[in-house]
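A structural walkthrough
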Amino acid sequence: MVKSNFMEVNFKALSINEGFARICVAGFCVQLNPSIDELNDIKTAVSEAVTNCVVHAYPKQGGIINMRCEIEGDSIKIVIKDFGVGIKDIEKAREPFFTTKPSEERSGMGFAVMESFMDSVEVSKNEEGGTTVTMYKQVISALQVGNA
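Okay, so let's go over this structure.

Thresholds applied
Residues numbered from 1 in each chain as written. Predicted model: local features only at pLDDT ≥ 70, side-chain atom pairs only at ≥ 80, totals over all residues. Heavy atoms only, no water. Helix = DSSP H or I, 4+ residues; strand = E, 2+ residues; numbered from the N terminus. Buried < 20%, exposed > 50% of the residue type's maximum accessible area, 1.4 Å probe, protein only. Contact = heavy atoms within 4.5 Å. Pairing = 2+ DSSP bridges. Axes fitted to C-alpha atoms, helices over the stretch in contact; angles between N-to-C directions. Disulfide = S-S within 2.5 Å.

A short note on unusual backbone geometry
One non-glycine residue, Asn-33, lies in positive phi territory at about 55°. Tracing the backbone shows Asn-33 in the loop between helix H1 (17-29) and helix H2 (36-57). According to the relative accessible area criterion, Asn-33 is partly exposed, its value standing at 30%.

This is the structure:
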């Protein structure tokens, strides 16, 4: 298994690129030999983070999303960064069912979903504008589970 590795990709903040982000992170995570459930958890959390960027960071479309994934030992760190309008109140935004777009039938569960599938989630404002979501997950490889 690779002890340390990273990848970084930038893509336009379009809803169609949410699937691209899922494929990128899944392909990168394969080297950790995750279970299907672990891989689905990671892809779901990435989907939520990218969707938040598309819907909230760039309300008038456009802009760039940066995704960086780092593997260290048996853990992955995923950083999703936008340079959009930012989040006015991060603590409020992290509350389940809170949404700034109720007219669009948004559930307000994005951060709750990320937190349920990852070991930890950090949200911060960027100095240059926008938001950074950093997610961590320890991956128990399928080989380790099979040998237990």
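Remarks on the environment of Gly-129
Here Gly-129 is to be found in the loop between strand E4 (120-125) and strand E5 (131-138). Taking the C-alpha atoms as reference points, Gly-129 and Asp-82, 47 residues apart in sequence, are found 8.1 Å from one another. Not counting chain neighbours up to four residues away, the residues in contact with Gly-129 comprise Asp-82, Phe-83 and Gly-84.

With respect to the sheet that holds strand E3 (residues 75-82)
Taken in spatial order, the 5 strands of this open sheet run E1-E2-E3-E5-E4, and their pairing is antiparallel. Either end of the sheet is taken by a strand with one partner, and the two such strands are strand E1 (4-12) and E4. In this sheet, adjacent strand axes meet at a mean angle of 15° when their direction is disregarded. Where E3 meets E5, 7 bridges bridge the pair, whose relative direction is antiparallel. Considered in E5, the bridge of Ser-75 is made with Gln-138.

A closer look at the pairing of E5
Of all 8 residues making up E5, 6 are buried, and the element is well covered by its neighbours. As consecutive antiparallel partners, E4 and E5 are separated by 5 residues, and within that stretch Gly-129 has a phi angle of approximately 105°, a positive value.

Notes on the state of the cysteines
Summed over the entire model, instances satisfying the criterion amount to 0 disulfides. Unpaired in this structure, Cys-24 has its nearest cysteine sulfur neighbour in Cys-69, at a distance of 8.1 Å. For Cys-24, a relative accessible area of 19% corresponds to the buried category. Just so you know, Cys-69 is unpaired, no disulfide at all, and the nearest cysteine sulfur is the one on Cys-29, 6.3 Å from it.

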